[in-house]
Amino acid sequence: MTRSAGPRTASVRRATSESTVELELDLDGSGRSHIDTTVPFFDHLLTAFAKHSLTDLTVRASGDTDIDAHHTVEDVAIVLGQAIREALGDKSGISRYGDALVPLDEALAQAVVDISGRPYLVHSGEPAGFELHLIGGHFTGSLVRHTFEAIAFHAGLTVHVTVLAGRDPHHIAEAEYKAFARAFRQAKALDPLVEGVPSTKGAL
Ligand SMILES: [Mn+2]
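Fair warning: this is a prediction, and the values are worked out from it, not measured in the lab.

**A closer look at unusual backbone geometry**
(1) Moving on: The backbone of Arg96 sits at a positive phi, close to 80°, despite the residue not being glycine.
(2) Moving on: Take Arg96: it is sitting in the loop between helix H2 (70-88) and strand S5 (97-104).
(3) Moving on: We note that Asp105 has phi near 50°; this positive angle belongs to a residue other than glycine.

As structure tokens, then:
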């Protein structure tokens, strides 16, 4: 095995005038999480992400939610992306690609992840008006795409998320996060047949 030794973990703290975020991540966890972003629906999505990606995740965040949830949610997503990049290390031995199709009742979402080192998000299929809906009265639907943008950019992931069906905004958002989690679970998994970094370039 040419994979560098050591746990695939990261601990990131980020403080700005808009928020403070502390996050701990273990890519080789069991899906345990302790999430407190002060934004309840985002806690729900991150709990689902940890559970279905088999990533242990602790998040403590606070921010200017007296304005709205936007800054705090965006900043947590930035820090999650930074932590994923750090925890992946040199990416030796990873499967690299993952894909998933996840239903939640009437909703159906597809996600494809490439741990490419090239940030890119292709996102489509949310029904008209989803981006304007306040899920739980506080989480704007547009934030779902926005968090995937932040995660993909800061982690260095190529991510395709497609909503194939759905009517209930809670279901649609949750199916998107679960599909992303399942695809990421495959992509970050260590494959014993992979020697070194799975790229013809020799680096990701
Ligand atoms: Mn739910």
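**Brief notes about the coordination of the manganese ion**
(1) Moving on: The manganese ion binds to the protein through His44 (NE2), His170 (NE2) and Glu174 (OE); the donor distances cover 2.0 to 2.2 Å.
(2) Moving on: In primary sequence terms, the donor set of the manganese ion follows H-x125-H-x3-E. Placement of His44 in helix H1 (residues 40-53) and of His170 in helix H4 (residues 169-188) is noted, with a sequence separation of 126 residues between them.
(3) Moving on: What makes His44 partly exposed here is its relative accessible area of 32%.

**Side note on the nonpolar core**
Most often, soluble globular proteins have nonpolar side chains that are buried together.
(1) Moving on: Ranked by size, the top nonpolar core spans 61 residues in total, and within it Leu57 and Phe139 carry the most contacts.
(2) Moving on: Once residues within four sequence positions are removed from consideration, Phe139 is found in contact with Val39, Phe41, Phe42, Leu45, Val73, His133, Leu134 and Val144.

**Some thoughts on H2**
(1) Moving on: Counted at 1.5 Å a residue, the expected span for H2 with its 19 residues is 27 Å, and the 27 Å between its end C-alpha atoms agrees.
(2) Moving on: Burial runs high along H2: 14 of the 19 residues are buried.
(3) Moving on: Backbone geometry just after H2 places Gly89 at a positive phi near 60°.

**Digging into the sheet that holds strand S3 (residues 33-36)**
(1) Moving on: The sheet built from 4 strands is open, its strands ordered S1-S2-S4-S3 with mixed pairing. The two strands at the open ends of the sheet, each matched to only one other strand, are strand S1 (9-15) and S3. Strand after strand, the sheet turns through a mean of 5° between neighbouring axes, direction not considered.
(2) Moving on: When S3 meets strand S4 (residues 56-63), the two strands line up parallel, connected through 4 bridges. Across the sheet, Ser33 pairs through a bridge with Leu57, a residue of S4.

**Looking at the packing of aromatic side chains**
(1) Moving on: Throughout the structure, instances matching the rule amount to 8 aromatic pairs.
(2) Moving on: Between the aromatic rings of Phe42 and Tyr177, the centroid separation amounts to 6.5 Å while the plane-to-plane angle is 85°, which identifies the pairing as edge-to-face. With Phe42 in helix H1 and Tyr177 in helix H4, the pair connects residues that are 135 residues apart, well separated along the chain.
(3) Moving on: Among the residues examined, Tyr177 registers a relative accessible area of 1% and is labelled buried.
(4) Moving on: An aromatic cluster is defined as three or more aromatic residues linked by ring pairs; in this entry it consists of Phe41, Phe42, Phe49, Phe139, Phe148, Tyr177, Phe180 and Phe184.

Criteria and cut-off values
- Residues numbered from 1 in each chain as written.
- Predicted model: local features only at pLDDT ≥ 70, side-chain atom pairs only at ≥ 80, totals over all residues.
- Heavy atoms only, no water.
- Helix = DSSP H or I, 4+ residues; strand = E, 2+ residues; numbered from the N terminus.
- Donors = N, O, S within 2.8 Å, 3.2 Å for Na, K, Ca; no water.
- Buried < 20%, exposed > 50% of the residue type's maximum accessible area, 1.4 Å probe, protein only.
- Core = buried A, V, L, I, M, F, W, Y, C linked by side-chain atoms within 4.5 Å.
- Contact = heavy atoms within 4.5 Å.
- Expected span 1.5 Å × (residues − 1).
- Pairing = 2+ DSSP bridges.
- Axes fitted to C-alpha atoms, helices over the stretch in contact; angles between N-to-C directions.
- Phe/Tyr/Trp six-rings, centres within 6.5 Å; stacked < 30°, edge-to-face > 60°.

Keep in mind these values describe shape, not function.
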